[in-house]
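Summary of structural features
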Amino acid sequence: MIVLGIESSCDETGVAVVACQAPALPRLLGDALYSQVKMHEAYGGVVPELASRDHIRRVIPLAREALHQAGLELSAVDVVAFTRGPGLAGALLVGAGAACALAAALGKPTLGVHHLEGHLLSPFLSNDPPSFPFVALLVSGGHTQLMQVDGVGRYTLLGETIDDAAGEAFDKSAKLLGLGYPGGPALARLATQGHPQAFALPRPLLHQRHSDFSFAGLKTAVMTTLRSLGDVPTEQQRADLAASTQAAIVEVLVTKAVRAVKAAGLSRLVVAGGVGANAELRRQLDAAALKRGWRVHYPELALCTDNGAMIAMAAAMRLDAGVSTPRSDYSFDVKPRWPVHELVAVGAGCTLA
Ligand code: KG4
Ligand code: ZN
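Computed from a prediction, not measured in an experiment: that's the story for all the values here.

**A look at the site of ligand 1**
Of all residues adjacent to ligand 1, which total 18 residues, the nearest are Gly141, Asp171, Gly184, Gly274 and Asn278. At a separation of 2.6 Å, an oxygen atom of ligand 1 approaches a polar side-chain atom of Asp171. Contacts to ligand 1 include Asp306, whose backbone N or O atom sits 3.1 Å from an oxygen atom. Among the secondary structure elements, those contributing two or more residues to the shell around ligand 1 are helix 4 (115–121), helix 5 (166–176) and helix 6 (183–191). With three residues, helix 5 is the largest single contributor of residues to the shell around ligand 1.

**Considering the packing of aromatic side chains**
Under the counting rule described, the total for this entry stands at four aromatic pairs. Summarising the aromatic geometry, the rings of Phe124 and Phe132 are spaced 5.2 Å apart at their centres and angled 40 degrees between planes, so their arrangement reads as tilted. Relative accessible area serves as the criterion here: at 28%, Phe132 is assigned to the partly exposed category. On the numbers, 6.1 Å between centres and 15 degrees between planes, the contact of Phe213 with Phe215 is stacked. The class of Phe213 is buried, set by a relative accessible area of 0%. On the basis of relative accessibility, which here comes to 1%, the residue Phe215 falls in the buried class.

**Quick word on helix 7 (residues 216–228)**
Here helix 7 spans 19 Å end to end across 13 residues, near enough to the 18 Å set by a 1.5 Å rise per residue. Taken together, the buried positions of helix 7 are Ala216, Leu218, Ala221, Val222, Thr225 and Leu226. Of the surrounding elements, those touching the buried residues of helix 7 are helix 5 and helix 8 (235–264). A positive backbone phi angle near 85 degrees is found at Gly230, which sits one or two residues after helix 7.

Definitions and cut-offs
- Residues numbered from 1 in each chain as written.
- Chains lettered and ligands numbered in written order.
- Predicted model: local features only at pLDDT ≥ 70, side-chain atom pairs only at ≥ 80, totals over all residues.
- Heavy atoms only, no water.
- Near = heavy atom within 4 Å.
- Polar contact = N/O pair within 3.5 Å; in protein donor to acceptor, adjacent residues only side chain to side chain.
- Helix = DSSP H or I, 4+ residues; strand = E, 2+ residues; numbered from the N terminus.
- Phe/Tyr/Trp six-rings, centres within 6.5 Å; stacked < 30°, edge-to-face > 60°.
- Buried < 20%, exposed > 50% of the residue type's maximum accessible area, 1.4 Å probe, protein only.
- Expected span 1.5 Å × (residues − 1).
- Contact = heavy atoms within 4.5 Å.

Next up, the structure:
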């Protein structure tokens, strides 16, 4: 079975093709991506209306490219998957509309996918895929979650952010430091020149036993620290503040992730989402895992941020596992706010711990 997947929830248009081959994992045959980062850079963040219009321009050429890479005609596609949510309503509608139009033209069914499930299952596209069960640390621009994953569609939410996401903390702090958008990679670059202990920034909820996160206070602390440095902080001070900010975010993520794996009685951690590309986070998680004899799995670097491959993969894995039935009525809706605990599988739902 061939699945074509479309991602359009934010500022990346992605289209990919995978082949289902149960009991083996689905195989990625083609993957085309266009990032709108350059377009939004001028505004310091994503402009939703511009994002939607650009998705319209990109989605069909990208579908052609993904099929070309796969060496397949459109008629070979059996199911058209798309990101149903969460994300920007207009942007999601473009992907959903394109998916349903393609499927209707082909007379094939559609499947709406939860964006976070795409991130969650993206490490299965790597050369070193995990096996179930594991604890997943989902860290993106809009989400920060710890989940226990016992199988496809069998997710238990262990904890999540009560305010800003980890990526948001990177992005907002980067903005305060006058760095471009998206701020995460820029802040991480500047941090390599600074001292992580230069400024004592808060580690919110670090010592609470639960697995919830809070990052809103960190941004305020970065702002206050910057003000204390006067009108024109030196390059070294800015680098020190970037390194201290990254250290605070990473320490909280690593401590809570390690605690969650231990509490679950497991020895496998999967990291997914854009912040999973952060080199310092990877370094510290790898060190923590090595010490305990655990394994940490990451998506390929290129698949950490949004892409079509993870959506096609999540759809294919759901279909292979028999936990989703594709739709053939071509009516669709999108879910800009779609709580992850609503991700329910047949017979084995997602539960709130
Ligand atoms: O998963 P993603 O592409 O989009 C969402 O679904 O939100 O994640 C984007 C987030 C942004 O906040 C970006 O700044 C952050 O991931 N990010 C990073 C790095 N690369 C991307 N944060 C820290 N270090 C990085 N290297
Ligand atoms: Zn994402």
